[in-house]
Amino acid sequence: MSYKFSNKIANLRPSAIREILKAPATPETISFAAGNPAPESFPIEDMARISADIYKNQAVSALQYSVTDGYSPLREHIAERQKAKFNIGKSKSAGDAFDDTTIIVSGGQQGIELACKVFCNEGDAVICENPTFIGALNAFRSNGATPVGVTLEDDGMNIEEFENAIINTPNAKLIYVIPTFHNPTGITTSYEKRVKIYELAKKYGLMILEDNPYGELRFAGEDIPTIKSMDEDGIVIYCSTFSKILSAGMRVGFVIAPDEVASKMVVSKQTSDVHTNIFFQMLCYRYMTECDLEGHITDIQDIYRHKCNLMLGCLDKCMPKCVKFTRPEGGLFIWCTLPQGVDASAFVKLAADNNVRVVPGATFNCDTEAPSQSFRLNFSTPTDEQIIKGIEILGKFAQETLK
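Residues numbered from 1 in each chain as written. Predicted model: local features only at pLDDT ≥ 70, side-chain atom pairs only at ≥ 80, totals over all residues. Heavy atoms only, no water.

Undergrad: Sorry if this is basic, but what is going on with the sheet that holds strand β11 (residues 333-337) here?
TA: Strand pairing in a sheet relies on backbone hydrogen bonds, with the paired strands running either antiparallel or parallel. Spatial strand order, β10-β11-β14-β13: 4 strands in an open sheet with antiparallel pairing. Because the sheet does not close on itself, it has two edges, and the strands there are β10 (324-325) and β13 (359-360). By the bridge criterion, 5 bridges tie β11 to strand β14 (residues 374-378) in an arrangement that is antiparallel. Across the sheet, the residue bridging to I334 is L377, located in β14. The sheet contacts of helix α12 (residues 293-318) involve β10, β11 and β14, and relative to β11 the element is tilted by about 15°. (Pairing = 2+ DSSP bridges. Helix = DSSP H or I, 4+ residues; strand = E, 2+ residues; numbered from the N terminus. Contact = heavy atoms within 4.5 Å. Axes fitted to C-alpha atoms, helices over the stretch in contact; angles between N-to-C directions.)

Quick look at the structure:
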């Protein structure tokens, strides 16, 4: 049978990260390729206790169909917390120009996909940082939208190039950004550039999709206001998740967006999964209201501060000076860049052949044919011993390759 796949799917490539994780691993394999939370960050005992109580006292509600918007107590608590902690969320009753609505989605990935589905027709474009999150790129491509990349600098997108991309892409409908502890680079967009991104989106009539899965994982430096907190015009969709602070496997995320936008996202969600897993929504709400969520987040920050500093120290010690790498203040990732003209793909393959797995930078390019000198490292998942040994191996190959 010769299958005739839709235009949206025919040229869609699988996530290189998921393919790397599927590859057989030996006890000697050291993986810096995942984007997983640290296993020791899961609050297993509290979750086991709450789960048992849900099954004992709320079993029917936890096992029955639920509403698409999400579990009301969870939605309300998220909205209150985001407003109090991050100044996110608008309400006409408070004198704002529009209402924001919070909805629950099946992980941040679904929030990205729904935003594209709601705003982009086939043939439209999404302006993105380049490089950017592969899951978002595939979500855009699967909906027939073309990612248009803008060079990412140490403090965010090149603003001149960003405005030119808007001007030269009349079919652009969305601006997609990960301004805090960016995936894959780990960089944080400056306050000044966040303001400029918002101003240009407003000037040219584009929606901003602000993806913030890592924002609570700051372990150094000072917090910077989200773009959504600046939204006075109803042009920012804010997407976040509990994957990095409670459990990635729960697949519970949330979107805060202007009411009219959120309503369309809910209708769109009904065509895919009806509603996000209600048991885990209930578990998430109970954990937030009965346990010390803020203390738990502080513990995670401590874990990642240690792991990141360990990996950076090893890179400083083992890598030749010509290899550059970012120094994130939070999140899960470090971005390494080889000298000009060196394609990272051969280096990544050499590392994999010697049981160290990293993600090639080309995976994150908006242009699928563009080469990359970079590769992504994850420090949250490996043990201290694996970080030390794995970076020693990478440093050895870098020293030999770049002589």
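Undergrad: Is there a simple way to explain the pairing of strand β3 (residues 125-130) in this structure?
TA: Within β3, 5 of the 6 residues are buried, leaving the element largely enclosed by the surrounding structure. With respect to chirality, the unit in which β3 leads through helix α7 (residues 134-142) into the neighbouring parallel strand β4 (residues 146-153) is right-handed. In this structure, β3 lies alongside strand β6 (residues 172-177), joined through 4 bridges in parallel fashion. Paired with C128 across the bridge in β6 is Y176. (Buried < 20%, exposed > 50% of the residue type's maximum accessible area, 1.4 Å probe, protein only. Right-handed = clockwise from strand over helix to strand, strands pointing away.)

Undergrad: Got a minute to help me understand helix α5 (residues 72-86) in this structure?
TA: The periodicity of an α-helix, 3.6 residues per turn, causes residues three or four positions apart to be oriented the same way. Across its 15 residues, α5 extends 21 Å between first and last C-alpha, which sits within 8% of the 21 Å expected from 1.5 Å per residue. Among the residues making up α5, those that are buried are L74, I78, R81 and Q82. Along the long axis of α5, the arc covered by the buried residues comes to 100°, so they all point the same way. Pointing more than 90 degrees away from the buried face of α5 are the exposed residues E80 and A84. Packed against the buried residues of α5 are β2 (100-105), β8 (236-241), β9 (253-258), α11 (278-290) and α12. (Expected span 1.5 Å × (residues − 1). Arc of directions from axis to C-beta.)

Undergrad: How should I be thinking about the state of the cysteines in this particular structure?
TA: Linking two cysteines covalently via their sulfur atoms produces the bond known as a disulfide. Enumeration over the complete set of coordinates arrives at 0 disulfides. Residue C128 stays outside any disulfide, its sulfur separated by 4.5 Å from that of C366, the closest cysteine. Classification of C128 as buried rests on a relative accessible area of 0%. By relative accessible area, C366 is classed as buried at 9%. (Disulfide = S-S within 2.5 Å.)

Undergrad: Would you take a moment to explain a nonpolar patch on the surface for this structure?
TA: On the surface, M1, Y3, F5 and I9 cluster together into a nonpolar patch covering about 560 Å² of accessible area. On the secondary structure map, Y3 appears in the segment before α1 (7-10). (Patch = residues over 30% accessible without salt bridge, like charges linked within 9 Å, V, L, I, M, F, W, Y side chains within 5 Å. Areas by Shrake-Rupley, 256 points an atom, 1.4 Å probe, with all protein chains shown as cover. Salt bridge = Lys/Arg side-chain N within 4 Å of Asp/Glu carboxyl O.)

Undergrad: Got a minute to help me understand the packing of aromatic side chains in this structure?
TA: The geometry of an aromatic ring pair is captured by the separation of the ring centres together with the interplanar angle, meaning the angle of the planes. Under the criterion given, the structure shown has 10 aromatic pairs. Their ring planes at 50° and their centres at 5.7 Å tell us that F242 and F254 sit as a pair that is tilted. In this pair, F242 is assigned in the loop between β8 and β9 and F254 in strand β9, connecting sequence segments 12 residues apart. Look at F254 and you get buried, because its relative accessible area is 3%. Consider the rings of Y304 and F379, whose centres lie 6.4 Å apart with planes at 75°: the pair is edge-to-face. With Y304 in helix α12 and F379 in the loop between β14 and α14 (384-401), the pair connects residues that are 75 residues apart, well separated along the chain. Classification of Y304 by relative accessible area gives buried; the value is 0%. F379 sits in the buried class, given a relative accessible area of 0%. Linked through ring pairs, Y55, F279 and F280 together constitute an aromatic cluster. (Phe/Tyr/Trp six-rings, centres within 6.5 Å; stacked < 30°, edge-to-face > 60°.)

Undergrad: Is there a simple way to explain unusual backbone geometry in this structure?
TA: Peptide bonds are trans in most cases, and residues, glycine excluded, mostly fall at negative phi. Of note, the bond from N130 into P131 is cis; its omega dihedral lies within 30 degrees of zero at 10°. By the secondary structure assignment, P131 is in the loop between β3 and α7. In this model, N183 is joined to P184 through a cis peptide bond whose omega is 25°. Looking at the element boundaries, P184 is found in the loop between β6 and α9 (191-204). One non-glycine residue, R251, lies in the positive phi region at around 55°. Residue classification places R251 among the partly exposed residues on the basis of a relative accessible area of 35%. With a phi close to 65°, V274 is a non-glycine residue in the positive phi region. Mapped onto the elements, V274 comes out in the loop between α10 (259-270) and α11. Look at V274 and you get partly exposed, because its relative accessible area is 39%.

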